[in-house]
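A structural walkthrough
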Amino acid sequence: MNKKSTPKSIGERYYGGELEFPFRFEDFDCPRPKDMPSRFFPGVKRLDYRSAIKADVSRVRASACSDMPRCWFIDAWFDCEKCGKEYCWKAKVQQIWFERFQVWSEAYPKLCPECRAKRRRLHKALNSFGIESKHAILRSTDVKTKQSMLELIDTIEHLSEVPLTKGILEKRDILKRQLEKMTTENRKQ
Ligand SMILES: [Zn+2]
């Protein structure tokens, strides 16, 4: 039987005992960018093959069920799932994702860079809110700490697409009352 005529997944080849451990992703390479299966770019509008960069497949993470790792990085155009704007996922950016940060080989962006940046800012704001809110609201006697917490809540409200939770709204009310009281007391002194 000619083995080359029956392509198998990495898992099949590995568990079938045909490969030495550890298996090498180089064995599953595809020679031309156009040979890359379309599932690496779901929903893509167009690909510019002239931009293709050969992947160092020994650095790319792929699952054992995959028939091959991502072998090429190619400029790809998508529509953002959130704002609908067209954006280009650059080959160079893909190289950083998959070789340097070793993001899962099947991953692709669903959002444009602006929407992704916005989401990162929101997550960061929510994180600092979680870490700092108790201190700022209950214990701090510092006006500035409380004011910066109020600003943080405004940032979250501005970036989030859903209304603020009841907990955050309550904390905002408490903060506002505390600040009012503190400024009145300062005036009296
Ligand atoms: Zn977007």
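Residues numbered from 1 in each chain as written. Predicted model: local features only at pLDDT ≥ 70, side-chain atom pairs only at ≥ 80, totals over all residues.

Some points on the sheet that holds strand β1 (residues 46-54)
For clarity, the cut-off: At least two bridges found by DSSP between two strands are what make those strands a pair. Put simply, DSSP marks the helices as runs of H or I at least four residues long and the strands as runs of E at least two long, and each gets a number from the N terminus on. Lines are fitted to the C-alpha atoms to define the axes, a helix being fitted only along its stretch in contact, and any angle between axes, read from their N-to-C directions, falls within 0 to 180 degrees. A residue pair is marked as a contact if its C-beta atoms, positioned from the backbone, fall within 7 Å.
Ordered in space as β1-β2-β3, the three strands form an open sheet in which the pairing is antiparallel. Every other strand in the sheet has two partners, leaving β1 and β3 (86-89) as the edge strands with one partner each. Mean inter-strand twist for the sheet, computed between neighbouring axes without regard to direction, equals 20°. Note that β1 and strand β2 (residues 72-79) share five bridges and pair antiparallel. Across the sheet, K54 pairs through a bridge with W72, a residue of β2. Lying over the sheet, helix α2 (residues 91-100) contacts β1, β2 and β3, oriented at roughly 110° with respect to β2.

Some thoughts on the pairing of β2
Bridge count between β2 and β3: four bridges; the pairing is antiparallel. Residue pairing for β3: F78 is matched across the bridge by Y87. Between β2 and β3, which pair antiparallel in sequence order, lie six residues; one of them, G84, sits at a positive phi of approximately 80°.

Details of the confidence of the model for the protein
Quick note on the threshold: Per residue, pLDDT measures the predictor's confidence, with a range of 0 to 100.
Overall, the prediction assigns the protein a mean pLDDT of 83, with 83% of residues at 70 or greater. For the protein, per-element mean pLDDT is lowest for helix α1 (residues 10-15), which scores 50, and highest for β3, which scores 97. Scored below 50 in pLDDT, residues 1-6 shows zero contacts in the model against residues more than four places distant or in partner chains. A low-confidence stretch, residues 13-17 (pLDDT under 50), is modelled with seven contacts involving residues beyond four sequence positions or located in other chains.

Some thoughts on helix α5 (residues 166-188)
Helical geometry note: an α-helix holds 3.6 residues per turn, so side chains three or four residues apart project in the same direction. The following threshold applies: The span one expects for a helix is its residue count, reduced by one, times 1.5 Å. Any residue surrounded by 20 or more other C-beta atoms within 10 Å of its C-beta is treated as buried, while 12 or fewer makes it exposed and the intermediate range makes it partly exposed; C-beta atoms here are placed from the backbone.
Helix length check: α5, at 23 residues, gives a terminal C-alpha distance of 33 Å against a target of 33 Å (1.5 Å per residue), a fit within 8%. Burial within α5 is sparse, with just one of its 23 residues counted as buried.

Looking at the environment of R172
Considering the arrangement of structural elements, one finds R172 in helix α5. Overall, the presence of 18 C-beta atoms within 10 Å leaves R172 in the partly exposed class. Sequence-wise, R172 and I153 are 19 residues apart; in three dimensions their C-alpha atoms are separated by 7.3 Å. Ignoring anything within four residues of it in the chain, the contact list for R172 reads L150 and I153.

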